[in-house]
Each structure stands twice: as C-alpha cells, then as structure tokens.
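Summary of the model geometry
Each chain, letter by letter, is given below.
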Amino acid sequence: MSAEAADREAVTSSRPCTPPQTIWFEFLLDEGLLEKHLQKSYPDPSPIQLINQFLEQASKPSVNEQNQVQPPTDNKRNRTLKLLALKVAAHLKWDLELLEKSLNVPVLNMLLNELLCVSKVPPGVKHVDLDLCSLPPTTTMAVLVYNRWAVRTTVQSSFPVKQLKLGPPQLNIMNQMQQEKELTDNILKVLKEQAEDSILVLEGALQLTTDLRVHTMKTLDQIVAEPCLANGETESSAAGLCISMDEMHCQVCYDLGTVFFSQGSSNPSVYEKAKEHLFRTSELLSKIGPDPVHCRIDRRRLDGYCQACAVLTTPSDTNKLQLTTYGRVHHCIKSSNYQGLIDIFLEDNITLSLLSHFRHSVLRELYQMAQNGSRDKNLEEVCFKVCACNTVRNVLEQQVIGVRFHQLLLKPTKERIDFLLEVCARSLDLDQASEDSKGKMAAFLKILCQSLDDPQFVFMISSHDMCMRLLKDEERKLLLDQMRKRSPRVNLSTKPLTVFYDIPGSASVNIGQLEHQLILTVDPGRIRQILIELHGMTSDRQFWTVSNKWEVPTVYGGVILSIKDNLTRDLVYILMAKGLHSIAIKDFTHARQLYSSCLELVTEFSPKLRQVMLNEMLLLDINAHKLGIESTGDRPPADLVSRVRGYLEMRLPAYPGGKLSSRHSAMLREDIPLRQIITEECVAFMLNWKENEYLTLQIPAALVQNNPYVKLGQLLAATCKELPGPKESRRAAKDLWDVVGQIFCLSNQHKRINDGRTSLIKHRESTLGIMYRSELITFIKRLSDPLVLTTLISLFVKLHNIVWDDIVNDVTAEHMSIWPTSIPNLQSVDVEAVAVTMKELVSYSLNINSCNHFWLITQADIYFATNQFSAALHFYLQAGAICSDFFNKGVPSDVYTDMVLKRMIKCCSMLNCHTQVAILCQFLREVDYMTAFKALQEQNSHDAMDSYYDYIWDITILEYLTHIHHKRGEIDKRQIAIKAIGQSELNSSNPEEVLHLAAQKRKKKFLQAMAKLYF
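Rules and cut-offs
- Residues numbered from 1 in each chain as written.
- Predicted model: local features only at pLDDT ≥ 70, side-chain atom pairs only at ≥ 80, totals over all residues.
- Heavy atoms only, no water.
- 1 Å grid on protein atoms, 1.4 Å probe; cavity = no way out; pocket = protein on both sides within 12 Å on 5 of 7 lines; lining within 4 Å.
- Points joined across faces, edges and corners; volume = space filled by probe spheres on them.
- Helix = DSSP H or I, 4+ residues; strand = E, 2+ residues; numbered from the N terminus.
- Nonpolar A, V, L, I, M, F, W, Y, C, P; charged D, E, K, R; others polar.
- Core = buried A, V, L, I, M, F, W, Y, C linked by side-chain atoms within 4.5 Å.
- Buried < 20%, exposed > 50% of the residue type's maximum accessible area, 1.4 Å probe, protein only.
- Contact = heavy atoms within 4.5 Å.
- Axes fitted to C-alpha atoms, helices over the stretch in contact; angles between N-to-C directions.
- Parallel < 35°, antiparallel > 145°, perpendicular 65-115°, else oblique.
- Salt bridge = Lys/Arg side-chain N within 4 Å of Asp/Glu carboxyl O.

1. Here we look at empty space enclosed by the protein
One way to see where empty space is left: roll a probe the size of a water molecule over the atoms. By the definition in use, this model includes 9 cavities of 30 Å³ or more. The volume enclosed by the largest cavity comes to roughly 90 Å³. Taken together, 13 residues make up the lining of the largest cavity; nearest its centre are Thr915, Leu936, Glu938, Met945 and Tyr949. Listing elements by their share of the lining of the largest cavity, those giving two or more residues are α43 (914–920), α44 (929–936) and α45 (955–968). Ranked by residues supplied to the lining of the largest cavity, first place goes to α45 with 3 residues. Residues of the lining of the largest cavity, tallied by class, amount to 5 nonpolar, 4 polar and 4 charged.

Written as structure tokens, this is what we have:
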C-alpha cells in the first residue's frame, strides 16, 4: 500500500459515522424513544417529518381479501400513531405558526381533529354552541386552537400564491398533487362556510377570565389510562402547560384582527373591529413580556397591521395616542389637520422616525391636491412648510436639497423666512448638537443668504440667534460685504442687527412702541407716564381701546367713560381693567397696587368712583384671604369682617317680584353702581366663617327682603345654627325647603294654535323663585363651610328622593329628618334639574373635602342609583377606609350600616364577583346565608374565588364551600376550603374574644384587598 493510500484510509477511519435515521415504526415498539429523540439538538427525522409520517401511516387505506380499498381501520396501531403525532405537536407547544408553514392543510386538519377527540370535545355539537366556561381547561384550549387555525387558514387562502414551476411531468406525482389539491379545496370550502361560527367562538373566548391549559406529552400519555369524570373532565384535563389569560387573549385578538382586516376589502366598516383587536393585541403583548409560553406573534407584522388600520379608519380620542407616527400623518391628511401634520414633521426632524422617501411622498400628495383645485386656499402655504421641514431634514442628513424648495423661495415672504428659521431652530439643539451638524446648518444658512436678493430677508437670517451662534464674525461680515456689492445703494453695517430692517424713528412707530409697553406693563406709575407721553403725541385717540382684553363690568363702564378729561378717563379705565385681569390670574399683589393707585386717583374728583373702588378692593381682599386660608386656615381679620358687614348694610332698592338677576344692573344711593358678585361673595364669606348670629339676628330685615342672596344666606345660617342643638327646630328648615323648591319649579306657558285651541307647554323655568337655578349653583360653589354644604346636600338628597320616588335606590345623607316629607307642587318640579344639581353639589363638596365619609357615602349612593356599581364600590370603600385608618381599625357602624353593606353586596353581585358577595354577607348583623349560598353556587365568578377563602370566618359558609366543591369534583378548591376551616382560631369552642379578633382580622384584610382592587 502506498503512503498516499494509507493516509486516505486513516482519515476515512477517523471520521465519525452518521447514525442511521430512526424509522417511524421504532417509536411504536419503544414508548420512551419519542421523548429521547425529541430532546436531541438536531433530531433526524425532525418533529415535522415525524408528524407527517405518523399521520400518513395512520390514514393509509387497507385492502380486503377481495382487493377492495377500505378506509383506515380504528385499531390500536393507528390510534397509537395518531397519539404519537399529537405528542410531537405538544412538544412544539402547539405553535400554529410553525405547523402551518411545515404541514399542508389536510395533514394539519387531521392533527387538530384528533386533538379535539382526545380532549373530549362533545361530538356532534357545534363549537359555537359550547359553553367554554364550563369545559375543562384543556378542552377549551383545544377548541380555541382548532378555531384559530380555521380563521388563520381562511385568511391565508385569500392571499395570492405564486405557482411552483414543475419539472418533467410524472403521472403518479401529478395524480397525487391533484388529489391533495382537491382535498385542500374541500377543507377550505368547509372552513369558509364555518368562518362566522369560528369567529363567534373566538370572540366568546375573550370573555374568559381564567387561565387555560394545553396538552403536553405527559398529559397525552395519561389520557388513555384515565377514567372520564363528570362533565368529560379527567385528571389530566386540569393538568398540562398553563397558558395565562393574557397570552390567550393576545393570540385570539391577533387572529381575530387579521380575519377582520381581510374582510375589510368588501366591508370597510369591519376595519374598526380589526383596529380594536390589533391595538388590544399590541397592549397585551407589551404586558406579557419578551418570553411568552404559547403566544407567537410577529411584532413587525403586527405593527404593519396597526399602521394600516390607522390609515383605513378614523381614530377615536381614546386611541389617538396609540397611533404610530405614520398613522398620525395619514390621519392628519384625511382630516385636513395640516398644522398637526407640520408639527409631526418638526418633531420628526429630531426623532428621525419617518423615512425620507415617505416624507417626500406626502409632499407630492399635497402638491397634487393643490393642483387639482382643493377647496383649502392655504394648501400652497402648507406645501411650503412641509417642503421647508423636508429641506432641513435633508441638510442635517447631508442629502441633496430638492429643486422644489428653490422654486418656492423665488417668491419669499417675511412669514416664510420666519417659519424656515423656526424649523432650523427647532430641528437643531445647539447646546447638544455635534460639530458636524452645526457645520451643515451653518453652510445651509450661508447658502440661503447668498440665494436671496432682498436685503431685508438677508438681515432677518443674519441677525437670527442661530445664525449669530453658528457663523463667526468674519463670515457674517463677508455675507454683508457680498450684499453691499449686490445692493450698493443700501447702507449696511457690519454690526449684528437685532431687527431685520432699520428704519428711521417716526411718530407712528413711537406710538406703536408705547402702546405695546402699555399693554405689557402692570406698574401703575409706568402706566401713568406712558399715557402722558401718548396724549402728548396725539389728542384724538382713546387709548383705553388699545387692547380688546381690557374689560370692565358694564355697570362701571358708563361712569368711567363719562369722565371728561381724556387722560384721566384712560388711566382709570386701564388701571381697573388690569386690576381685574390680575385678580383673574390670582396675581393679588399687582392687583392691589393697581387698585390703590386707582383709588388714590378717583378720590380727588369722584366720590361715586371712590366707593366703587372701595367695593372692588373688598372683593379683592375676600378673594386673597380665601386663597391664603387654603394653606394657613387662619380666621379673617376683624377689619375684613367689619367691612363685609358694612357693605351688606348699604341701602339696596327692591326689585320687581323680589327677584334679582345678575343680568340687571343695580344702583345704590347716590347712583353708586354695584356688582352682584360682591354681594354673593360677602354672603358666602359670612356663611363660611360661621357668622350665623349676624345673618340671623343683626342684618336689616329690609336687606333680606330686597336681596335674594342675603335671604338665602339667612335661611342657611338659621338652619345650620339649629342643627347642633338638642331639639332640631324645623321652621327655618321648612322655609329654606320652600325657597329652594320654588327655584326648581317649572312654569306653565299657554300658547294658542291656529284652530283657536290652547296648547300647554311645560318647559320654562319658573319666574317665582328668588333667583335662577344657574345663579343658585354659582352661589353654592362659593361656599366651603362643611356644615353649610352638609345642609345643602341633605336638602337636595331629600328633594331628589321625593321627586324620583324610588325607595330601593334612595340616596342617603346626614340630617334627613329635618326636612318636610312632601312638596305641595310636586308635579311642577323639574326632576332632572334636581338630580343634576345634587350630583354637582356632592362632587363640588368632595373637591373641597375628599375625606368626609358621609359625603362619600352619598356619592356612592348616587352611583348605586344609576347602576354604576364599580364606582359605587369605590366610594363605599373609600368612606370606610377614611374613618378606620385604611381598615386598621373597625369601621363605625353608622358608616357601614346594614343598608350600605347590602348595597355593597348588590354591587359585587352585579359585577359577577360572587365570592366577594359571600364574604360581605358575614358583615351583616345577621349573616345572610341564603344570599351567600346562592352566590357560591355561581361558577362564572369574576373575582379571585378561592384566593378569598382565607377571609371567611363563618364556619357554616366554609362547610357549604367544602360540600359544593366536592359535588363539582373541584378537589384543589375543596382542599383550600378545608384548610380554611381547620384554622385553630376559628374553632367554635374558642372564647368569644378570640372569635371576635379572628373575624376583625379577616375583615381588615378583606377590605384592604377590596380597596386595592377598586381604588
């Protein structure tokens, strides 16, 4: 043997031998072989090949003795082969994405039908008729996997498929392909016919609230040997791989979204459903995390679907934030929101999330719309702004600037240059930008200056802050020299200009500058100086009209504008207008300075205006004190209380019918104009600081008769004054009841129709009340004293209960017994207005003090009466938490009365939280076993169910739970209930104190758990 041959033989003998491929029937002979085979890194044959081989052998037809082809027999061999195929699919975690790519439709159909069989899906029953909630977890999951595949296959079959290039024709291969094609078409036809049923099944799955389980290799092994229990459930059907509810919902939402999207071409309205499910998929995918157990979704494909849905549908307010940047662009174009489009492009110049070619395609679309004669006349300007954004983006990315931009700059305007400079400034943060980006922007600005012929536009650019920071002094000087050569008649300076043009001073410019300063300043001395200068320049102008934001109350306008001296008139008007604006923005310091200057000025010549300013300064001090006490809580100084009393005791005239509207101007002695808001604030001030003695005993009777706010304040003060006493006098309460009831009455208006008959219209607010309904609500919102607000809440709750006459949904409040039990003109009361006012009053009161548990109970009752059970529970729990240190102490019995507890029970029942119902039944003075047992019989519960068993201390309820779980065969839950019963502290032989402590501990933990759930 030669040396070369010896070396070749040595190399050949050193190579590892390729192990022989395992043949399918070997897995029949060795039960443990399949699991060992699949655990290999690169098993040969692969899992997909094994599924094909197992099902191909199991479905082979047999030939009888007469050589007649018979369907596959149902023997042990074929059943075992099908089971092996299912075990391989279980090893792949039932990944439909992988199975669909690798298996043809007939094989996958056979595999999933076999899954339905072994999962004990009731035969002969349509899937849409199944109650998924009552099926075992693995059975439900099998139904979902099959129907998911059905809709996915339907969608996939609608896509165009490129025909494969066949080789030389071979008769047997062509026959086999033709048979497979016919079989596939038949299956697809059935799937399409059942598509709507499959969609309904998947939509029903979204209502499931529990985790599911899917078969594993181990559970499939156990299936054959296990006996079937009640309801088709086996021991293995409760085992298997756990699929969380979120994962299941995520995958189902995605599959539903794709099928709805495919249907949208023929029915565009279905795109809304597709969008809802696909956006929900995106939310759940973020919640699940990066390593899901069962969910297999291509994130890029999902983003594409979401983007397409955003384009094809109009987003609602709730999901606009979920749109991608591309979707927001399309939405802006469809809704003609061009300013929003420009804002997106400006943001994108920083984030760079849009592709350049997409931005240019948007610009082309806008140009086409403009050329086609769009109704929007500003579209040409929009095109320029989008083009400017794209140009700056091209500059920063060192791309070529388009010809279109240069064409648009052939006719520059000041507005266009301003916008272009704004784009440059917003697209490049000079403090953080790289030197390379700064160099690109500087070069662009230089080119821009060189391309413009108009000197004033060059000055705009060269004097801009960005240009001054990017270009050196020598560069700016060079630009100005070039401009000098191009425009020799223009005298230019090399000094950086602060404005884009330089014109000589003129009288009109000086007046404009002074007017601008007059608008901006709040210094009284500076305002006087500016007005003196302005009146020195011109004598025919009324400078109080310079700003349309300067407004004074109508009742003051006539008095101020009647001042003969123009300078004094302008000064008084502007000082008052600026003072009122300062109060509106809560700048009380400047408001006081302005008012003081105005008071000093008018004191010299007008006692009437002096009193007006004193009244306004009183209102200012009341508002300033109201804002200050929010942090300090100090009582007002005696001087302020005295001034309020003095204002109220001023002589007021009577008004027709005893009614005063804020729309009427009131005049006092010596024709002093008064604003009704000052009276409102003064009365509210006295009520808020409990000046009840003054309002009830010392205030002049004539004032009470002439002013509705004073009368209302007196009635409120009298009612509140009597509430704390041992005997509640109902006289004042009845008077207040009658006054408020009259405000909410409707008046009957008669109208004569054409045939002479008289019709009745009953939709006008009564004029017999002392004030309008809107004025009452405005006055109430000036009050802050808890007792006053409690009294008003009590009144409106009582009035609401009477007019609605629904004892089951009666609202509760404090001091309900002081009010009359009927109202004489019940039919004329505006029922809706009473309900709206009550809700608004309670909501306002809780904004003042969110820790008043009685108000919280009232708010909860309102939600309960309107069937908003989740919100009602929130407020019931909040009331209990506040008065018990977040349930660390016992909730007082006057807060959680039996009625409150029964309403909480009903709320939980209506929310399908039946375990919570059973636990709350223990809180009642006498445990409501009938309601508790009925609730525990419900299987479709939306709460934590057996996780709540630790909060049950009543042995009877626990024993019933043990019985019912045993009856249903729910072994795990039965063990939890038995464990709860076995706790030593619940032993009935324990002393009463031990049992009481055990109950209190469970109450505390349960209510804290409920609070975390509903807060």
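Here the narrative resumes.
2. A closer look at the nonpolar core
Counting residues in each nonpolar core, the largest one holds 161 residues, and the members touching the most others are Leu648 and Phe796. Top element by residues in this core is helix α38 (residues 786–804). It accounts for 10 residues. Beyond its immediate sequence surroundings of up to four residues, Leu648 is in contact with Thr679, Cys682, Val683, Met686, Tyr694, Leu703 and Val710. If you look at the next biggest cluster of nonpolar residues, it comprises 75 residues, including Trp94, Met248, Phe260 and Cys295.

3. Points about the packing of helix α32 (residues 676–688) against helix α35 (residues 708–722)
Taken N-terminus to C-terminus, the directions of α32 and α35 make an angle of 10 degrees; their axes are 9 Å apart at the nearest point. Here α35 runs roughly parallel to α32, going by the angle between their axes. Across the interface between the two elements, Gln676, Thr679, Glu680, Val683 and Leu687 from α32 touch Tyr709, Val710, Gly713, Leu716 and Ala717 from α35. Here the residues of the contact of α32 with α35 are counted per class, giving 6 nonpolar, 3 polar and 1 charged.

4. So, the pattern of salt bridges
Across all of its chains, the model carries 39 salt bridges by this definition. The salt bridge partner of Arg359 is Asp348, with a shortest N-O separation of 2.7 Å. Placement of Arg359 in helix α17 (residues 356–371) and of Asp348 in helix α16 (residues 338–351) is noted, with a sequence separation of 11 residues between them. The buried category is assigned to Arg359, whose relative accessible area is 1%. The partner of Glu691 in a salt bridge is Arg635, with the nearest N and O atoms 3.5 Å apart. You can see Glu691 sitting in the loop between α32 and α33 (692–698) and its partner Arg635 sitting in the loop between α30 (607–632) and α31 (638–648), a full 56 residues away along the chain.

No statement about biological role is implied by the geometric values presented.
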